[in-house]
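Chain and residue survey
For reference, the chains in residue letters:
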Amino acid sequence: MKIAITSLGEELSSGVDGRFGRCDYFVIVDPESLDYEAISNGSKNAVGGAGVEAAQTVAGSGVSAVITGNVGPNAYRALSSAGVDIYTGASGTVQDAIDDFNDDNLSLTQSSTTRGGRGKRRR
Amino acid sequence: MQITISAGKGGTGKTTVATNLALALAGEYDVQFFDCDVEEPDSEIFLRPELDNEEPVNLKVPEVNDETCTYCGQCGDACEFNAIATFGENTLVYPELCHGCGLCSLVCPVDAITEVDNKIGKLRSGRAGNLEYHDGNLTIGEPMATPIISRLKKKIDPDGVSILDSPPGTACPVIESLHGSDFALLVTEPTLFGLHDLKLSVDVVKELEIPLGVVINRDGIGDDRVERYCDSEGIPILMRIPDDRDIAVYYSKGVPFIEKMDGWKERFLELFEEIEGQAEYQKRQKLIET
């Protein structure tokens, strides 16, 4: 089993990035063995639809769950369709998030937790 | 003659200049007025048109036939805007991200995608005295102003005089408003903020190769840095509107000040003559350079 955690860096000691679509990295980790790899989020500077594109990246990496701070409506719809569980409200480090996941301290999100962006500001 | 009134900075007086210029010209020429600030059209307040026509602006968005779709994902790969994407056995459409280009339906190998109308706003028109009035209205919550502006501009009669009130800033909706104009009239304030945003506008207008001139509004405040900049860039300052309490009071009541203050109608007519001259002169200069 693999899960994805939105992260500010490439290590387990990196902070959790509260944003989903525009996070810096996804740390893809096996929560038991703690084997991990970080993938840079190519959607970070997307003009629009970052959440949808990031959801494709995450779903394509074969994870069964995502842990992040907030998730917007577009990303929520995408991840749900892909059958990926979404846990929100994470903070601290990536390692903290994994511990919370393993200890069952995280609750599944049943809807988007933020309004979502309108892309990068164009005015 | 197509004149677009623009400004990098909001609140510099685009609508003041556009409405007063249009009203000054209305008796003398066939004038059309276009409010291209479709996110916040407000020239209506000053022009008080009698509206007699309204039409929807639709954008084509994809609709996926789940029976036919094989979830191959080619539509999503092709889409530059992430407006369509396949997740497992679901192909999702995000209409608010869609630019209506139709590429997804072209690349679909099994013809599972049809394009359907999605209303993003409307155009309105009518008359305000001798003026033909047009505006565009983007529906609240819809993010894309540009398609409304391009549809609005199809109403331009190239044989008459058209005055376009542009949105503020320098992004896509402004470029769409400026595109094809014979002249860009940039309104600014003689302040550091005014100058900073004027420079951004000038860069855009030069890139579009449109002849340009500046109107300094609220002249008398700030300092002379806008003037020095225009001098050094060879940009003509075509009008100065003083920082005048009466003008502000008329503005607050939605009254175009040329209707109340002596001499200003004539000054706006002179402004138009200067614009005509500059448009011709700058076009010729460009030809000589290239």
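Summary of the structure given here. Bear in mind the structure is a predicted one, so any value in this text is a computation, not a measurement. (Residues numbered from 1 in each chain as written. Chains lettered and ligands numbered in written order. Predicted model: local features only at pLDDT ≥ 70, side-chain atom pairs only at ≥ 80, totals over all residues. Heavy atoms only, no water.)

1. Some remarks on the overall build of chain B
In plain terms, the rule: Strands here mean DSSP runs of E at least two residues long; helices mean DSSP runs of H or I at least four residues long; both are numbered from the N terminus. Throughout this description, buried means an accessible area under 20% of the type-specific maximum (1.4 Å probe, protein chains only), exposed means over 50%, and partly exposed covers the range between. Per-residue and other accessible areas were derived by the Shrake-Rupley procedure at a 1.4 Å probe size, with only the shown protein chains allowed to occlude residues.
Each helix and strand counted, chain B has 10 helices and 11 strands in total. In terms of overall dimensions, chain B has a C-alpha envelope of 70 × 45 × 35 Å along the principal axes. Considering chain B as a whole, with its 290 residues, one finds that 52% of them fall into the buried category. Carbon and sulfur atoms make up 46% of the accessible area of chain B, which amounts to about 13,800 Å² in all.

2. Observations regarding the sheet that holds strand E5 (residues 85–87) of chain A
Residue and element names in this part refer to chain A. Applicable threshold: One bridge is not enough; two strands pair if DSSP finds at least two bridges between them. Helix axes use the C-alpha atoms of the stretch in contact, all axes being lines fitted to C-alpha atoms, and the angles between their N-to-C directions lie in the range 0 to 180 degrees.
Read across the open sheet, the 5 strands follow the order E3-E2-E1-E4-E5; overall the sheet is mixed. Two strands lie at the open edges of the sheet, namely strand E3 (36–40) and E5, each paired on one side alone. Neighbour-to-neighbour, the strand axes of the sheet open up by a mean angle of 20 degrees, direction not taken into account. When strand E1 (residues 3–7) meets strand E4 (residues 65–67), the two strands line up parallel, connected through 3 bridges.

3. Some remarks on the packing of helix H1 (residues 14–26) of chain B against helix H10 (residues 264–289) of chain B
Residues and elements named next belong to chain B. Heads up, the condition is: Oblique is the label for any angle not covered by the other classes, which are roughly parallel (under 35 degrees), roughly antiparallel (over 145) and roughly perpendicular (65 to 115). Between two residues, a contact is recorded if the distance between any of their heavy atoms is within 4.5 Å. Ten residue types, Ala, Val, Leu, Ile, Met, Phe, Trp, Tyr, Cys and Pro, are classed as nonpolar, four, Asp, Glu, Lys and Arg, as charged, and the remainder, Gly among them, as polar.
Two numbers describe how H1 lies on H10: the axes approach to 9 Å, and their chain directions differ by 95 degrees. Classified by the angle their axes make, H1 and H10 are roughly perpendicular. Across the interface between the two elements, Val17, Asn20, Leu21, Ala24 and Leu25 of H1 pack against Lys265, Phe268, Leu269, Leu271, Phe272 and Ile275 of H10. Here the contact of H1 with H10 is composed, by residue class, of 9 nonpolar, 1 polar and 1 charged.

4. What to know about the nonpolar core
Which entries qualify depends on this criterion: In this description, a nonpolar core means a group of buried Ala, Val, Leu, Ile, Met, Phe, Trp, Tyr and Cys residues linked to one another through side-chain atoms lying within 4.5 Å.
A:Phe20, A:Val58, A:Val66, A:Leu79 and B:Ile84 are the most contacted members of the largest nonpolar core, which has 36 residues in total. Mapped onto this core, the elements with two or more residues apiece are strand E2 (25–29), helix H1 (50–60) and helix H2 (73–81) of chain A together with strand E3 (50–64), strand E4 (84–87) and strand E5 (90–93) of chain B. Among all residues touching B:Ile84, those that are not within four sequence positions of it are B:Pro62, B:Val64, B:Cys75, B:Gly76, B:Cys79, B:Thr91, B:Leu92, B:Val93, B:Cys104 and B:Ile113. Among the nonpolar cores identified, the runner-up in size contains 35 residues, and B:Ala22, B:Ile258, B:Ile275 and B:Ala279 belong to it.

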